[in-house]
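Descriptive analysis of the structure
Residue-level listing of the chains:
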Amino acid sequence: MNKEAKLILNSLRCPLCNSQIDLIDWFSLLNKKYKEHNFGCVVNPEHYSIYFNHWEDPPKIENERVIVYDELNQYNIDQNTFIIGHPWIKSTIKVSKVDKENRVLDNIKPKTYTFEIQLFDFKSVNRNKIINKVKTVLIFQ
Ligand SMILES: [Zn+2]
């Protein structure tokens, strides 16, 4: 990985637990949840994972995903800024009902909301800010 890509990677932190971001290990990648991403939170890539196109000049974070929970829901927030090197801004929030152990309830259909904007700067938010913003944004849907 080149120097610029390393600097970008080292500047990233998980917005949920503030851990570093590193390659997602093969065991986690076997879990199909992460198949579109190559880097993620070292504690748990479910917190924050990205598709980092580090071999291009300049390197680009093409996609970021954060999964957060409140008492009732899982919010799967997926943000695109590039697709295969080309600018493509899109955010989606997928809301799934969960049980007390944060297991997604399969019998209730998730709802997906799409936005043609970048909803978050994940560098400047934490878990509470993310959940508050998601709730605010979804009121208007
Ligand atoms: Zn984390």
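The structure under discussion appears in the preceding block.
To keep things clear, this report deals only with the structure shown in the data block. Here the residue numbering is sequential within each chain, running from 1 through the sequence in written order. The predicted origin of the model limits local features to residues at a pLDDT of at least 70 and limits the giving and counting of side-chain atom pairs to 80 or more, whereas totals for whole chains, interfaces and linings rest on all residues.

1. Quick look at the sheet that holds strand β6 (residues 86-97)
- With respect to topology, seven strands assemble into an open sheet ordered β1-β2-β3-β4-β5-β6-β7, the strand pairing being antiparallel. Of all the strands in the sheet, the pair left with one neighbour each is β1 (21-23) and β7 (111-115). Averaged over all pairs of adjacent strands, the angle between their axes in this sheet comes to 20°, without regard to strand direction.
- Each pair of strands is called paired provided DSSP finds at least two bridges between the two strands. Secondary structure elements are taken from DSSP: a helix is a run of H or I of four residues or more, a strand is a run of E of two residues or more, and numbering for both begins at the N terminus. Relative to strand β2 (residues 39-41), β1 runs antiparallel, the two being bridged by three bridges. By the bridge assignment for β2, isoleucine 21 is matched with cysteine 41.
- Relative to the sheet, helix α3 (residues 127-139) contacts β4 (60-69), β5 (73-83), β6 and β7, its axis offset from that of β4 by approximately 90°. Here, axes are lines fitted to C-alpha atoms. For helices the fit covers the stretch in contact, and angles between N-to-C directions go from 0 to 180 degrees. Our contact criterion uses C-beta atoms placed from the backbone: two residues qualify when those atoms are within 7 Å.

2. Let's talk about the environment of tyrosine 48
- Its place among the elements puts tyrosine 48 in strand β3 (residues 48-53).
- The spacing of tyrosine 48 and leucine 7 is 41 residues in sequence and 18 Å in space, taken between C-alpha atoms.
- Not counting the four nearest positions on each side in its chain, tyrosine 48 is found in contact with Cys14, Pro15, Leu16, Gly40, Cys41, Val66 and Phe122.

3. Describing the environment of lysine 100
- Mapped onto the secondary structure, lysine 100 falls in the loop between β6 and β7.
- Judged by the 7 C-beta atoms lying within 10 Å of it, lysine 100 is exposed.
- Sequence separation between lysine 100 and asparagine 73 is 27 residues, and the spatial gap between their C-alpha atoms is 9.9 Å. Buried, partly exposed and exposed are defined by the number of other C-beta atoms within 10 Å of a residue's own C-beta, namely 20 or more, between the two limits, and 12 or fewer respectively, with C-beta atoms placed from the backbone.

4. Examining the nonpolar core
- We call a set of buried Ala, Val, Leu, Ile, Met, Phe, Trp, Tyr and Cys residues a nonpolar core when their C-beta atoms link them within 7 Å. Counting 16 residues, the largest nonpolar core has Cys14, Ile21, Phe39, Tyr48 and Val66 as the members making the most contacts within it.
- Breaking this core down by element, the ones donating at least two residues are β2, β3 and β4.
- Discounting chain neighbours no more than four positions away, the residues touching isoleucine 21 are Leu9, Leu12, Cys14, Phe39, Gly40 and Cys41.

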